[in-house]
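# A structural walkthrough
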Amino acid sequence: MMKKSTFGAVLAFMFAAAGALTAAALYLYHREKELDEYERLLFSDDMDDIEDEGTVYEHIGDDDTPAAPAEDADPDAIKF
């Protein structure tokens, strides 16, 4: 027969091992989901999955953008 304290220690060890294995499995599951999402975004062909606020070329040709430089402007002048 086993002592009660030994049985309690073995039982506590089993619960700790089961908890550690469960935590590791949950971590790996969530990490795999994150990696799958990253891979999907990285290798998507049409890039529709990425939501940008705007692109580099979005504001070209707006009304406040001059179409050509002013004729009387000095091309060597630096303006701030």
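The structure presented is a predicted model; accordingly, all values stated were derived computationally and were not measured. (Residues numbered from 1 in each chain as written. Predicted model: local features only at pLDDT ≥ 70, side-chain atom pairs only at ≥ 80, totals over all residues. Heavy atoms only, no water.)

### Let's talk about the overall build of the protein
The condition that has to hold: A run of DSSP states H or I qualifies as a helix once it reaches four residues; a run of E qualifies as a strand once it reaches two. Both are numbered from the N-terminal end. A 1.4 Å probe rolled over the protein chains alone gives each residue an accessible area, and that area as a share of the maximum for its type sets the label: buried under 20%, exposed over 50%, partly exposed in between. All accessible areas in this document rest on Shrake-Rupley with a 1.4 Å probe, and a residue is counted as covered only by the protein chains that are shown.
Helices and strands together make up the secondary structure of the protein, namely one helix and zero strands. Burial statistics for the protein: of 80 residues in total, 1% are counted as buried. As displayed, the protein has an accessible area near 8200 Å², and 61% of this comes from carbon and sulfur atoms.

### A few points about the pattern of salt bridges
Put simply, the rule is: Whenever Lys or Arg places a side-chain nitrogen within 4 Å of a carboxyl oxygen from Asp or Glu, that contact is recorded as a salt bridge.
A full pass over the atoms with the stated rule returns one salt bridge. Across the pair Glu34 and Arg31 runs a salt bridge whose closest N-O atoms are separated by 3.4 Å. Within this pair, Glu34 and its partner Arg31 are both found in helix α1 (residues 4-42), separated by three residues, close to a single helical turn. Of the residues examined, Arg31 reaches a relative accessible area of 38% and is grouped as partly exposed.

### What about the side chain of Ser44?
Cut-off, in case you're wondering: Residues adjacent in sequence count toward polar contacts only when both atoms are side-chain atoms; beyond that, a polar contact is any pair of N or O atoms within 3.5 Å, and within protein one must be able to donate a hydrogen and the other to accept it.
Tracing the chain through its elements places Ser44 in the segment after α1. A distance of 3.4 Å separates the side chain of Ser44 from the backbone oxygen of Leu41, its partner in a polar contact.

### A short note on a nonpolar patch on the surface
What counts here: Patch definition: residues with relative accessible area over 30% and no salt bridge; like charges joined within 9 Å; nonpolar side chains (Val, Leu, Ile, Met, Phe, Trp, Tyr) joined within 5 Å.
On the surface, Met2, Phe7, Val10, Leu11, Phe13, Met14 and Phe15 cluster together into a nonpolar patch covering about 770 Å² of accessible area. Relative to the helices and strands, Phe13 is located in helix α1. Look at Phe13 and you get exposed, because its relative accessible area is 59%.

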